[in-house]
Amino acid sequence: MTRRRSVQLALMLAPAVALIGLLFLYPLFGILKLSLFNPAFTLESFDKLRSSPVAALVMQRTFLLALTVAVLCFVLGYPIAYFLATMRPRWRAFFLYLILLPFWISVLIRTYTWMVLLGREGLVNGALHGLGITDGPVQMLFTGFAVHLAMVQILMPIMILTCFAAMVEIDPQLVKAARTLGASPWKAFATVFFPMSLGGAAAGAIICFILGLGFYVTPALLGGRRNIMLANLIDFEVHQTLNWSFASVLALVLLAATLVLLGLFRLVAPERRLHG
Amino acid sequence: MTRVLLGIYFAIGVAFLVLPLALVVPISLTDSQFLQFPPQRLSLRWYREFFVDESWVRATLLSLQVGLGATAVALVAGTLAAVAIVRGSFPGRRLLHALLVAPLILPSVIVALGLFILFLRWKWVDSVPALIFAHAVGAIPYVVLIVSASLRSFDTTLERAARVLGAGPLRAFLNVTVPYLGPSLFAASLLAFFASFDELIVTLFVSGGLQTLPVRIWTDLTLRLDPTVAAAASMLIVVSVAGMSIAEYFRQRNVRRYGH
């Protein structure tokens, strides 16, 4: 590489590197510093974390919620992705577009739609009452159920897309070959198609898990005070108790969990998708 | 038989994903104080309410301003970086690419907290330019992802042909590669714009007294449920769907023109 070319490359990279360095990496170091240095290196905030029953409860709840949502997205989303991958290409483009539409609408608005639907006078309660299933309005808003339902709906498009991308790469001839060799349709699916699609499906579930860990808006609006998650607790520590170092430790826990899961993602994700 | 059952499940699944959004629009057309479905009497009352209320209008204008600013910053910085990463060969390209798309996957509350601490120290809270740059961080991954994917599938023979025909490297890039990238750049700008326009968490932490549209909706939702939010939400849904449909149209046109 010539010298002139190097200068050119450096100039092209400069704005993005400055932006990400100054407003992404540097703030992350700030969090690291605030949670681990006071002013010398100390683990005292982690002792506080261990001795805080609230933090333990919220961390456990967040982890469990994200895991449940990821598993639900996997189980419910896989058949949708499968149907999509095996349908006629004309229809496929249309449905793919439809499934991805909600993805481009903000989580705030999508959570709001559930507030409207699940409220006491909402559509769901109206329908349940109209069909004679319930006598009066059922409390759905501000429950864990509402949070699960909305998060599955919000994250499932990502699951479907990741899964679908892995499925269309599978050569349909392989399934046909299994059938020719005498396998039942079910067996051909279970022994050929499913194992080949598992990498993409697992990658999708891990992305849902990671994104689920950081959810803030949906638990706050649909879960009420009794269902706050890690992100809400961080917000609370910053704005209500003004305990920034504790908020930083919580953020560090969230960051560490995200990084571990990203490592897991790299292990299972089909190789090409990472660089493509 | 299995296929039919799967098809029914598929239809229910797609309805579950899309229908809640579609239902908000008719609900927003109600005349009453409360949200109901189906609305008893159709009216644009809450849309009028939105445009009459100065705080809603101001929030919308601020969101537009910040969104356009963040899009411009992210588009310039992201495109230049994507070209350098795809075309150049230097150590750490992969790492850099990963760093530039990292804001997409990292929980925004972490970035929000980090920026909050930083902005307090720099006295950047309550500043529109600072908010624009903070939003650009969240928008840049979309630009980098789309532009670098598009550049990778670009047939560089076309650019070499221009060079052979006597164009300089910059001229070849501007006359051949940029027109090819056009629709991708457009799609990237749309995504970057919506990333900023919809951003809530970072804004809640660093904006101080500034109210963007999502913050305005948020404060309304945490205090009371007024159908004005339904009107605002419906307009956002319609605008997002329209924007994405346009981007999809241009993407497909490019696929037809260049064959991939």
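None of these values were measured; they are calculated from a predicted model. (Residues numbered from 1 in each chain as written. Chains lettered and ligands numbered in written order. Predicted model: local features only at pLDDT ≥ 70, side-chain atom pairs only at ≥ 80, totals over all residues. Heavy atoms only, no water.)

Examining the interface of chain A and chain B
- Listed per partner, the contact involves 76 residues of chain A and 82 residues of chain B.
- For the pair chain A and chain B, the two sides together bury roughly 7000 Å², of which 85% comes from carbon and sulfur.
- Area buried by chain A at its contact with chain B is led by Leu 23, Trp 104 and Tyr 112 of chain A, which between them contribute 11% of it.
- The interface formed by chain A and chain B contains zero salt bridges.
- Inspection of the chain A/chain B interface yields six residue pairs in polar contact (both at pLDDT 80 or more).
- Ranked by residues supplied to the side of chain A that touches chain B, first place goes to helix 1 (residues 3–36) of chain A with 18 residues. (Contact = heavy atoms within 4.5 Å. Buried area = accessible area lost by both parts, 1.4 Å probe. Salt bridge = Lys/Arg side-chain N within 4 Å of Asp/Glu carboxyl O. Polar contact = N/O pair within 3.5 Å; in protein donor to acceptor, adjacent residues only side chain to side chain. Helix = DSSP H or I, 4+ residues; strand = E, 2+ residues; numbered from the N terminus.)

So, the environment of Thr 111 of chain A
Residues and elements named next belong to chain A.
- You can see Thr 111 is positioned in helix 5 (residues 107–118).
- With a relative accessible area of 0%, Thr 111 lands in the buried category.
- Placed 110 residues apart in sequence, Thr 111 and Leu 221 show a C-alpha to C-alpha distance of 7.4 Å.
- Within the structure, the side chain of Thr 111 is placed 3.0 Å from the side chain of Thr 218, a separation counted as a polar contact. (Buried < 20%, exposed > 50% of the residue type's maximum accessible area, 1.4 Å probe, protein only.)

Some points on helix 7 (residues 144–167) of chain A
Residue and element names in this part refer to chain A.
- Its 24 residues place the ends of helix 7 33 Å apart at the C-alpha level, agreeing with the 34 Å of an ideal helix rising 1.5 Å per residue.
- By the largest-angle criterion, Leu 155 marks the main kink of helix 7, which is about 40°, and a proline, Pro 157, follows within four residues.
- When you tally the buried positions in helix 7, you get 18 out of 24 residues, the bulk of the element. (Expected span 1.5 Å × (residues − 1). Bend = angle between axes of the 7 residues up to and from the residue.)

Considerations on the domain arrangement of chain A
All names here are of chain A.
- Here the domain parsing of chain A yields domain 1 (1–42) and domain 2 (53–275).
- Centre-to-centre, using C-alpha coordinates, domain 1 lies 32 Å away from domain 2.
- On the side of domain 2, six residues touch domain 1, which itself brings five residues to the contact.
- Carbon and sulfur atoms supply 84% of the area that domain 1 and domain 2 bury against each other, a total of about 500 Å² over both sides. (Domains from an automatic or database assignment.)

Let's talk about the pattern of salt bridges
- Tallying each qualifying case throughout the model produces six salt bridges over all chains.
- With its nearest N and O atoms 2.7 Å apart, the salt bridge here joins Asp 47 of chain A to Arg 50 of chain A. Of this pair, Asp 47 of chain A and Arg 50 of chain A both sit in helix 2 (residues 44–51), three residues apart, roughly one helical turn.
- Looking at Asp 47 of chain A, the relative accessible area reads 43%, which means it is partly exposed.
- Taking relative accessible area as the criterion, Arg 50 of chain A reaches 66% and is therefore assigned exposed.
- Close ionic contact of Arg 87 of chain B with Glu 159 of chain B constitutes a salt bridge, the shortest N to O distance being 3.3 Å. Taken together, the positions of Arg 87 of chain B in helix 3 (residues 54–87) and Glu 159 of chain B in helix 7 (residues 156–164) put the pair 72 residues apart, joining distant regions of the chain.
- Given the relative accessible area of 28%, Arg 87 of chain B is considered partly exposed.
- One salt-bridge network, in which partners are shared between bridges, spans Asp 53, Arg 216 and Asp 220 of chain B.

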